[in-house]
There are 2 protein chains.
Amino acid sequence: MQHPVPLDQRKQQILKAVVADYTRTGVPVGSASLAVHLATWSSATIRNELATLSEVGYLIQPHTSAGRVPSDLGYRYYVDFLMDEEDVPQAVRRQVDPFFAMLPTGVEDILEIAATALAQAADAVSLVTAPRALGVRVKHLDLVKLNDVQALLVLVLEGNLVRQQALRLTSPTDQSVLSGIAAGLNAVVVGLNAAGMSRLPESIGDHAALERDLLTQIIAFMTVCDAQQDTLILHDGVRNLLHQPEFGDVELLQQVIEVVEEERMLAALISAADLDHGIQIMIGRESGMAGLSRCSLVLTTYRAGAERRGTIGVLGSTRMAYAQVGPRVRYVAQRVGRAVGRALS
Amino acid sequence: MQHPVPLDQRKQQILKAVVADYTRTGVPVGSASLAVHLATWSSATIRNELATLSEVGYLIQPHTSAGRVPSDLGYRYYVDFLMDEEDVPQAVRRQVDPFFAMLPTGVEDILEIAATALAQAADAVSLVTAPRALGVRVKHLDLVKLNDVQALLVLVLEGNLVRQQALRLTSPTDQSVLSGIAAGLNAVVVGLNAAGMSRLPESIGDHAALERDLLTQIIAFMTVCDAQQDTLILHDGVRNLLHQPEFGDVELLQQVIEVVEEERMLAALISAADLDHGIQIMIGRESGMAGLSRCSLVLTTYRAGAERRGTIGVLGSTRMAYAQVGPRVRYVAQRVGRAVGRALS
DNA sequence: CCTTAGCACTCAACCCTGACGAGTGCTAAA
DNA sequence: TTTAGCACTCGTCAGGGTTGAGTGCTAAGG
């Protein structure tokens with residue numbers, strides 16, 4: 001991001017008022033309507049200021065005789081320097097909290113609930129990724145015979161994530177033998193992650209070739225799991241976009257829905273986000289995604305325990321109420337973190 | 001459905017031509033354009049026939065000087081008596097088949113792939129429910145200690161469906177004890193469904209109260225699973241609606257998306273469908289769902305093995321090409337059935 | 001009796017026009 | 001430096017005329 005043009009006190013106040021007005025009404029805002037809010041100056045003075053704000057690129061005029069609309073850059077300035085975040089109102093808290101009052105065991109269930117809750121709380125499309133823990137650890141494993149050449153691996157990971165995968169068997173093997181191997185492996189691998197397990201196969205002698213082969217396959221599968229973890233993206237609330245005037249244009253809507261349904265694009269976007277600083281707001285073209293030129297993303301992480309973290313956030317119109325959305329995303333993130341942490345036991 | 005008004009040969013031919021034209025163009029079709037297709041009669045003759053077809057309710061005139069559009073009833077007559085189903089073109093087969101070339105283990109993965117494939121093949125919103133088998137049988141179970149008051153039940157069901165659920169422990173129990181109980185239960189319950197298991201707890205004496213308690217909870221959970229099975233509905237392809245002219249109206253789009261995102265409504269609809277006769281087509285208001293008055297559903301079952309069946313189908317505009325969509329839904333259903341059956345081993 | 005050419009009629013869609021008004025930029029005075 | 005005043009721009013909206021697709025009816029012809 002390039003250095004923002006500095007603004008004096010009055011210009012800041014006016015820019016802030018433009019953003020507030022436009023967010024509320026969705027209509028380009030003119031000097032007259034600003035003059036009633038900012039009674040200190042006349043409409044003519046404000047007009048002059050608006051002209052310079054347009055010159056430096058913070059405001060845009062849709063056409064000559066229209067009011068001003070904040071540009072992406074204008075929103076950026078607003079978000080970085082002017083915005084006063086609002087508390088999450090009681091009404092919203094009371095809407096969100098019940099979702100987390102039920103206590104499902106599976107992390108996936110919690111995430112699905114979180115997506116619904118956030119979509120409702122922020123009146124936008126919600127996005128949630130599964131909690132990523134680099135090198136998630138094994139809590140328990142089991143092997144179930146499928147047929148002569150395949151066995152099903154059932155892995156219980158930290159956070160009660162359950163993963164299954166078919167493993168190939170080099171020779172027909174009874175369920176009782178598989179159970180024995182599973183018990184043996186459990187004694188060794190519990191509490192280890194993929195990296196921690198990588199040396200284990202070497203220590204198994206030739207007398208247990210099958211066991212070693214299975215362990216190798218298990219490690220490979222866990223490595224894949226690690227890599228895949230944040231390609232899973234849940235979303236909800238596309239309907240919330242539809243009652244916004246800017247999406248009355250079906251063209252625009254189409255582009256946005258295409259991006260949302262094509263999870264890969266979102267995954268790329270989310271993994272590109274820099275979430276070390278609490279919350280990341282991507283405004284309009286900042287996302288670099290053509291279809292989202294009129295949309296903004298507000299993303300944050302949720303933490304469950306010290307290590308596990310996932311991403312949660314919303315996708316909405318550039319015109320969204322940033323001062324409200326940010327706190328609400330954080331609020332839900334905190335609830336999700338707590339719920340996932342609880343599920344982790 | 002009430003008795004349809006019978007039509008003579010010529011009226012049938014004209015109705016069929018109206019449906020074909022309107023499906024292709026999306027514009028109300030007039031007597032002149034029909035006269036070039038049906039060169040046997042003049043536009044005036046056709047006009048007379050159109051008038052009577054309107055009278056009996058098979059056609060609708062948007063306004064006095066517009067052409068005719070098929071009514072729900074008109075489509076119903078077309079679908080029941082006039083439609084010649086088209087073969088699934090090679091191009092579409094080549095588009096669908098690769099999806100099923102990959103072989104994921106989990107049934108859920110297959111369903112997700114199927115949703116994507118069908119949405120593409122039918123150019124509409126696809127809907128897929130999990131395969132329902134009344135009284136699904138247990139293949140394997142395992143118990144993992146979570147903490148002093150909870151244990152995680154991992155159930156592997158027929159078809160390699162894995163389900164997990166936290167169970168309450170009446171007293172602190174070691175993992176080794178839980179593993180012993182799991183082994184004991186496995187010897188008894190494998191191959192049984194919820195109903196088959198219902199008598200078992202009585203036969204366990206007081207010396208194994210914990211085991212009996214856990215078994216009771218497992219049975220309860222399986223019963224819930226049975227009931228929930230077809231509330232899981234995957235969908236894909238909302239974007240396909242957007243390039244259709246009839247959904248240029250955002251109002252309409254909003255209603256449809258609301259129904260699709262609110263899975264409960266779809267679940268009600270699908271479970272109300274009568275799928276014993278191969279394929280069910282619900283046209284417009286026939287679905288009884290207000291938001292879907294301009295949409296049609298084409299649903300069928302897929303079978304994996306003798307007992308398991310799920311529902312798969314599409315939701316699209318009433319104006320969809322029924323002659324193409326039906327066969328394509330069946331084609332994908334057949335592929336899904338085969339894939340799920342294979343995953344079932 | 002059925003078919004069809006001809007014709008008057010209807011009505012949405014389109015384009016043009018002028019009035020309106022919201023909003024601007026500029027200028028000159030306070 | 002601020003602000004009142006004013007000319008100007010331009011999108012929006014309503015009215016009105018034209019166009020053209022499509023109809024229903026009628027009367028003539030097979």
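Residues numbered from 1 in each chain as written. Chains lettered and ligands numbered in written order. Predicted model: local features only at pLDDT ≥ 70, side-chain atom pairs only at ≥ 80, totals over all residues.

*Asks:* Help me out: how do you make sense of the overall build of chain A in this one?
*Replies:* The number of helices and strands found in chain A is 14 helices and ten strands. The C-alpha atoms of chain A give 26 Å as radius of gyration, which overshoots the globular expectation for 345 residues (20 Å, by more than 25%). Along the longest, intermediate and shortest principal axes, the C-alpha atoms of chain A span 90 × 35 × 35 Å. Looking at chain A as a whole, 41% of its 345 residues are labelled buried. When contacts within chain A are restricted to residue pairs at least 6 apart in sequence, those whose partners lie at least 24 apart make up 62%. (Helix = DSSP H or I, 4+ residues; strand = E, 2+ residues; numbered from the N terminus. Rg over C-alpha atoms; globule rule 2.2 N^0.38 Å. Buried ≥ 20, exposed ≤ 12 C-beta atoms within 10 Å, placed from the backbone. Contact = placed C-beta atoms within 7 Å.)

*Asks:* Please explain the environment of B:Tyr75 as it appears in this structure.
*Replies:* All names here are of chain B. With respect to the element layout, Tyr-75 can be found in helix α4 (residues 72–82). By the C-beta count within 10 Å, which is 25 here, Tyr-75 ends up buried. Apart from residues lying up to four places away in sequence, Tyr-75 is in contact with Val-19, Pro-70, Ile-283 and Thr-318.

*Asks:* Any chance you could explain the pairing of strand β6 (residues 161–168) of chain B here in plain terms?
*Replies:* Along a regular strand, successive side chains alternate from one face of the sheet to the other. Residues and elements named next belong to chain B. Looking at chain direction, strand β5 (residues 150–157) and β6 are connected through eight bridges and run antiparallel. Each residue of the ladder has a partner; that of Val-156, found in β6, is Val-162. Taken together, β5 and the strand that follows it, β6, pair antiparallel across an intervening segment of three residues, in which Gly-159 is found at a positive phi of about 80 degrees. (Pairing = 2+ DSSP bridges.)

*Asks:* Help me understand the domain arrangement of chain A, please; the structure alone is not making it clear to me.
*Replies:* One widely used convention gives an interface's size as the accessible area the parts lose upon coming together. All names here are of chain A. Under the domain assignment used here, chain A contains domain 1 (9–82), domain 2 (90–130 + 232–343) and domain 3 (138–229). The distance between the C-alpha centroids of domain 2 and domain 3 comes to 35 Å. The interface of domain 2 with domain 3 comprises seven residues on the first partner and four residues on the second. Among the residues making up the side of domain 2 that touches domain 3, the classes are represented as four nonpolar, two polar and one charged. (Domains from an automatic or database assignment. Nonpolar A, V, L, I, M, F, W, Y, C, P; charged D, E, K, R; others polar.)

*Asks:* For this particular structure, what's the right way to read the pairing of strand β4 (residues 138–145) of chain B?
*Replies:* Residues and elements named next belong to chain B. Of all the eight residues making up β4, eight are buried; the element is thus mostly covered by neighbouring parts of the structure. Of the strand pairs in this sheet, β4 and β5 are connected by seven bridges, and their pairing is antiparallel. Opposite Lys-145, over in β5, you have Ala-151 as the bridge partner. What sits between the antiparallel neighbours β4 and β5 is a turn of four residues.

*Asks:* Just to check I follow, could you spell out unusual backbone geometry for this structure?
*Replies:* Most of the time, phi is negative for any residue but glycine, and the peptide bond is trans. We note that A:Asp123 has phi near 50 degrees; this positive angle belongs to a residue other than glycine. For A:Asp123, a count of 19 C-beta atoms within 10 Å translates into the label partly exposed.

*Asks:* Just to check I follow, could you spell out the protein's contact with DNA strand D for this structure?
*Replies:* Close contacts around DNA strand D come from 20 residues, with A:Thr45, A:Thr64, A:Ser65, B:Gly30 and B:Ser31 the closest. Of all elements in the fold, only α3 (43–55) of chain A together with α2 (31–37) and α3 (43–55) of chain B reach the threshold of two or more residues within the surface near DNA strand D. If one sorts the elements of the surface near DNA strand D by residue count, α3(B) sits on top with four residues. Partitioning the surface near DNA strand D into residue classes produces seven nonpolar, eleven polar and two charged. (Near = placed C-beta within 6 Å.)

*Asks:* Help me out: how do you make sense of the interface of chain A and chain B in this one?
*Replies:* Contacts between the two partners involve 29 residues from chain A, matched on the other side by 29 residues from chain B. Elements represented by at least two residues in the side of chain A that touches chain B include exactly β4 (138–145), β5 (150–157), β6 (161–168), α11 (239–242) and α12 (250–261) of chain A. Per-element tally for the side of chain A that touches chain B: the top contributor is α12(A), with six residues. Across the side of chain A that touches chain B, the residue classes tally to twelve nonpolar, eleven polar and six charged.

*Asks:* How do you make sense of the relation of the copies chain A and chain B when you look at a structure like this?
*Replies:* In this structure, two copies of a chain are linked by a rotation about an axis accompanied by a shift along it. At an RMSD of 0.1 Å, chain A and chain B line up after a rotation of 180 degrees and a shift of 0.0 Å along the axis. Taken together, the rotation angle and the small translation identify this as a two-fold axis. The share of interface residues of chain A whose copies in chain B are also at the interface is 100%, consistent with both copies meeting through the same surface. (Least-squares fit on C-alpha atoms with pLDDT ≥ 70 in both.)

*Asks:* What is the right way to look at the packing of helix α1 (residues 9–25) of chain B against α3(B) in this model?
*Replies:* Helix packing for two helices is described by the angle between their axes and how far apart those axes are. Residue and element names in this part refer to chain B. Their axes nearest at 10 Å, the elements α1 and α3 cross at an angle of 85 degrees. Regarding the angle of α1 to α3, the classification is roughly perpendicular. Across the interface between the two elements, Arg-10, Lys-11, Ile-14 and Leu-15 of α1 pack against Ile-46, Glu-49, Leu-50 and Leu-53 of α3. (Axes fitted to C-alpha atoms, helices over the stretch in contact; angles between N-to-C directions. Parallel < 35°, antiparallel > 145°, perpendicular 65-115°, else oblique.)

*Asks:* Looking at this model, I keep getting lost on the protein's contact with DNA strand C. Mind explaining?
*Replies:* What surrounds DNA strand C is a group of 20 residues, the closest being A:Gly30, A:Ser31, A:Ser65, B:Thr64 and B:Ser65. At the level of elements, α2 (31–37) and α3 of chain A together with α3 of chain B are the ones that each hand at least two residues to the surface near DNA strand C. Top contributing element to the surface near DNA strand C by residue count: α3(A), with four residues. Across the surface near DNA strand C, the residue classes tally to seven nonpolar, eleven polar and two charged.

*Asks:* What should I look at first to understand the sheet that holds β5(B) in this one?
*Replies:* Adjacent strands of a sheet form backbone hydrogen bonds with each other and so pair up, either parallel or antiparallel. Residues and elements named next belong to chain B. The sheet built from three strands is open, its strands ordered β4-β5-β6 with antiparallel pairing. The open sheet is flanked by β4 and β6, the only strands paired with a single partner. When the angles between neighbouring strand axes are averaged without regard to direction, this sheet yields 20 degrees. The strands that helix α7 (residues 175–189) touches are β4 and β5; relative to β4, the one it contacts most, it runs at about 170 degrees.

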